[in-house]
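Take a look at the letters that make up each chain.
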Amino acid sequence: MIGLSHIEVRFGDFLALRDINLNIEEGEFFTFLGPSGCGKTTTLRTITGFVKPSGGRVSIKGRDITHAPVEKRNIGMVFQSYALFPTMSVYENIAFGLRVKKVPKHEITLRVEEMAIKVDLDAQMLKRKVSQLSGGQQQRVAIARALVTSPAIICLDEPLSNLDAKLRVQMRKELKDLQRKFGITTIYVTHDQEEALTLSDRIAVFNKGQIEQVGRPDDIYNRSATEFVSNFIGDINPLGKDFLCKTGASKLPGVDERRNNYIRLERIHMYGGEEARNYKAREGELFCEAIVKGYEYYGTSIKYSLDALGQDLRVMEKNSGRTLFDTGSSVLLSFDAESIMQY
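Residues numbered from 1 in each chain as written. Predicted model: local features only at pLDDT ≥ 70, side-chain atom pairs only at ≥ 80, totals over all residues. Heavy atoms only, no water.

### Describing the overall build of the chain
Okay, so step 1: Within the chain, the secondary structure is distributed over 11 helices and 18 strands.
Okay, so step 2: Along the longest, intermediate and shortest principal axes, the C-alpha atoms of the chain span 75 × 45 × 30 Å.
Okay, so step 3: When contacts within the chain are restricted to residue pairs at least 6 apart in sequence, those whose partners lie at least 24 apart make up 66%.
Okay, so step 4: For the chain, the exposed area adds up to about 17100 Å²; of that, 49% sits on carbon and sulfur atoms. (Helix = DSSP H or I, 4+ residues; strand = E, 2+ residues; numbered from the N terminus. Contact = heavy atoms within 4.5 Å. Areas by Shrake-Rupley, 256 points an atom, 1.4 Å probe, with all protein chains shown as cover.)

### Some points on the sheet that holds strand β18 (residues 341-342)
Okay, so step 1: Reading across the sheet, the 3 strands line up as β11-β12-β18 and stay open at both edges, with antiparallel pairing between neighbours. Every other strand in the sheet has two partners, leaving β11 (236-239) and β18 as the edge strands with one partner each.
Okay, so step 2: Note: β11 against strand β12 (residues 261-264), 4 bridges, orientation antiparallel. If you follow L239 over to β12, its bridge partner there is N261. (Pairing = 2+ DSSP bridges.)

### Here's the deal with the packing of helix α5 (residues 135-147) against helix α6 (residues 165-182)
Okay, so step 1: Interaxial distance between α5 and α6 falls to 11 Å at its minimum, and their mutual angle equals 20°. Taken together, the axes of α5 and α6 lie roughly parallel to each other. Of the two possible hands of crossing, α5 and α6 adopt the one that is right-handed. From α5, G135, G136, Q139, R140, I143 and L147 reach across to α6, where they touch L167, Q170, M171, E174, L175, L178 and F182.
Okay, so step 2: Residues of the contact of α5 with α6, tallied by class, amount to 7 nonpolar, 4 polar and 2 charged. (Axes fitted to C-alpha atoms, helices over the stretch in contact; angles between N-to-C directions. Parallel < 35°, antiparallel > 145°, perpendicular 65-115°, else oblique. Left-handed = near helix turned anticlockwise from the far one by under 90°. Nonpolar A, V, L, I, M, F, W, Y, C, P; charged D, E, K, R; others polar.)

### Regarding empty space enclosed by the protein
Okay, so step 1: On inspection of all chains with the given rule, the structure shows 2 cavities of 30 Å³ or more.
Okay, so step 2: Estimated volume of the largest cavity: approximately 90 Å³.
Okay, so step 3: Lining the largest cavity are F29, I143, L147, I154, L156, L175, L178, Q179, F182, I184 and T186.
Okay, so step 4: Only α5, β7 (153-157) and α6 provide two or more residues apiece to the lining of the largest cavity. (1 Å grid on protein atoms, 1.4 Å probe; cavity = no way out; pocket = protein on both sides within 12 Å on 5 of 7 lines; lining within 4 Å. Points joined across faces, edges and corners; volume = space filled by probe spheres on them.)

### Quick word on the pairing of strand β15 (residues 301-308)
Regular strands have side chains that alternate between both faces of the sheet.
Okay, so step 1: Of all 8 residues in β15, 6 are buried; the element is thus mostly enclosed.
Okay, so step 2: Where strand β14 (residues 285-297) lies against β15, 6 bridges are found, and the strand directions are antiparallel. Bridge pairing in β15 links G294 to S305.
Okay, so step 3: Across 8 bridges, β15 lies against strand β16 (residues 311-318) in antiparallel orientation. Across the sheet, the residue bridging to Y304 is V315, located in β16.
Okay, so step 4: Counting the residues between successive antiparallel strands, the hairpin from β15 to β16 contains 2 residues, one of them, L309, with a positive phi of roughly 55°. (Buried < 20%, exposed > 50% of the residue type's maximum accessible area, 1.4 Å probe, protein only.)

### Overview of the sheet that holds strand β9 (residues 202-207)
Okay, so step 1: Read from one edge to the other, the open sheet built from 6 strands follows the order β6-β7-β8-β3-β9-β10, with strand pairing classed as mixed. Of all strands in the sheet, those bounded by a partner on one side alone are β6 (75-78) and β10 (210-215). Averaged over all pairs of adjacent strands, the angle between strand axes in this sheet comes to 15°, irrespective of strand direction.
Okay, so step 2: Both β9 and β10 contribute to a ladder of 5 bridges, which runs antiparallel. Bridge assignment links A204 to a residue of β10, and that residue is V214.
Okay, so step 3: Contacts from helix α1 (residues 40-48) reach β3 (29-33), β6, β7, β8 (185-190) and β9, with the element oriented near 150° to β8.
Okay, so step 4: Of the strands in this sheet, β6 and β7 touch α5, which is tilted by about 165° from β6.

Next up, the structure:
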C-alpha cells in the first residue's frame, strides 16, 4: 500500500535519511523503531508530506504522492503532544478536520458521535474542555480526531511518551484493539522496544538515517540481522573469546570466537543444589559453573548477575516460585550453542 523507494532527505549539509526502501501492507500495524535522531520521525514526516525528500519516491496504492500537499494525502496524524486545542471542547476538537473539509453540519454531528463511541468517549465527555481531561483521555481524543475524517492511513509519532508507565501499558492494548477494530493501516514511531514488540505486525529498526532490519517482532528479536539490532532490541550478553574457549563453544561448528558473539539473557538456564548435581548435558548444550553476584527481583521474573569463568553474565529467569539463589551461591549454567548470535 505504502511504498518508499530510495528516499533521501537532507537538511543543509546533513544527510538525515539515506536510501530508505520500504513497503507497508494495507491494514498492517508497522512500527519505526530506533534511538533519538535515527531518522524514524523524519521518515514518518516524509510519508505525511511535512518533509520533502531530496531524492526518491513516496507512493500510496501505486500513486506517486512525493510532491502532493499534506491535505491531499488522506493520512491521519497523532502527534507526540497530541496537538489538541485546549480551550475547545472534545466535540470541537474531533470535529475540526471535518469542518475544514466543509462537511455538512448534521453529518459532522453524526460522525463525531459515532467516533466518540468507538474510542470510548461518552456524551458527557464530548462537552468537556480538553484541558480538563487526563492524558489517556486526551490521547483518545487525538486518535478520534485523526480517524473521524476516514483516512486511509494513520500515523502516530511517540503517542504514549507523555503517559506514566501503567497508563502506557493500558493504552498500548487499547491502541492495538482500535487498530484491529478499524483495520486501518497504521505507522507508529517509538524508541521503546517493548512497545514495538507488543504492538507491531512488522518493525523497521532505524540507525543513523538507515534501516538496519525489517521483520516481524520475533524475527527482529530472535534473528537480529546486525550487531546494532541485537544490542538495541531487548537485553543481551556479549561473550568473550576466553569464555567460548573454556566452555568448548569455540570447538563447535558455526561458532567463531574471532567474531562478536552474544546470547540473550533468557537463553541461559540456571540450576542449583540437587538439580545441578544431577544435570546431564544434551547434544549441543554447553555448561559451566558460576557464582551469583546479585539479582534484581521483578515479580514475574528475576534477573541474576553472575561470574562464569571470569565472564560477567546476566540471566533472566521466569519466577517459578522456587527459592531465590542468594549472592555468593554456586550454580550451574547451561545454554545451546545455537542460541549464540554472531556478527
